[in-house]
Amino acid sequence: MRITRIGVTGDGGSHFDDLEIELADAGPIGWLSAAFPASSVAFRLTDPGYDYDWHRAPQRQLIVLLDGEIEVEVTSGEKRRFAGGDVVLVEDTTGTGHRTRTIGERSRHTLFIAVPESFGNG
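The structure presented is a predicted model; accordingly, all values stated were derived computationally and were not measured. (Residues numbered from 1 in each chain as written. Predicted model: local features only at pLDDT ≥ 70, side-chain atom pairs only at ≥ 80, totals over all residues. Heavy atoms only, no water.)

(A) Main features of the overall build of the chain. Across its full length, the chain carries 0 helices and 12 strands. Reading the chain from its N end, one meets helices and strands in the order β-β-β-β-β-β-β-β-β-β-β-β. At 15 Å, the chain has a C-alpha radius of gyration in line with the 14 Å of a compact globule built from 122 residues. Each principal axis of the C-alpha atoms in the chain carries an extent, and together these give about 45 × 35 × 25 Å. Taking all 122 residues of the chain together, 39% fall into the buried category. Long-range pairs, those at least 24 residues apart, make up 70% of the contacts in the chain between residues at least 6 apart in sequence. Carbon and sulfur atoms provide 51% of the accessible area of the chain, an area that totals close to 6900 Å². Averaged over its 12 positive side-chain charges, the chain has a centre that lies 3 Å from the centre of its 19 negative ones. (Helix = DSSP H or I, 4+ residues; strand = E, 2+ residues; numbered from the N terminus. Rg over C-alpha atoms; globule rule 2.2 N^0.38 Å. Buried < 20%, exposed > 50% of the residue type's maximum accessible area, 1.4 Å probe, protein only. Contact = heavy atoms within 4.5 Å. Areas by Shrake-Rupley, 256 points an atom, 1.4 Å probe, with all protein chains shown as cover. Lys, Arg positive; Asp, Glu negative; His and termini not counted. Charge placed at Lys NZ, Arg CZ, Asp CG, Glu CD.)

(B) Representation of the sheet that holds strand β5 (residues 40-46). Strand order in the open sheet formed by 6 strands is β2-β1-β10-β7-β12-β5, with mixed pairing between adjacent strands. Both edges of this open sheet fall to β2 (14-20) and β5, since each of them pairs with a single strand only. Direction aside, neighbouring strands of the sheet carry axes that sit 25 degrees apart on average. In terms of strand pairing, strand β1 (residues 2-8) meets strand β10 (residues 87-90) through 3 bridges, oriented parallel. Looking across to β10, one finds that R5 is bridged to L89. (Pairing = 2+ DSSP bridges. Axes fitted to C-alpha atoms, helices over the stretch in contact; angles between N-to-C directions.)

(C) Highlighting the nonpolar core. Among the nonpolar cores identified, the biggest contains 12 residues, and these are I6, F16, A57, I63, L65, I70, V72, V74, F82, V88, V90 and F112. Breaking this core down by element, the ones donating at least two residues are β7 (61-65), β8 (69-73) and β10. Residues I21, V87, L89 and L111 belong to the second largest nonpolar core, which totals 11 residues. (Core = buried A, V, L, I, M, F, W, Y, C linked by side-chain atoms within 4.5 Å.)

Bear in mind that shape data such as this cannot, by itself, settle questions of function.
Here's what the structure looks like:
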């Protein structure tokens with residue numbers, strides 16, 4: 001399963017890269033990853049006009065879009081869109097951060113899962 005990571009560049013900017021989460025055949029229940037520790041979970045509802053200028057992630061966390069669509073921009077100018085079901089690992093807790101805006105005219109539901117440094121590193 002592929003997710004997107006937003007990381008910090010050597011000069012304090014931000015960048016995208018992709019991270020593959022390994023899944024194993026678990027028989028009739030489908031394909032599962034290994035269990036990963038998490039320290040907190042938060043839910044959020046944002047209004048359709050959400051447009052958050054440059055900001056850093058408050059902590060290393062997985063962002064799971066439950067519905068709606070966003071566009072995220074990193075300091076190189078690259079932009080990516082994410083929609084319901086997409087997962088983003090944000091690690092840019094230092095530096096310039098990234099920009100986020102809602103696409104479309106509907107409210108958006110998001111799940112935030114705080115993860116330790118070990119997530120995605122092996």
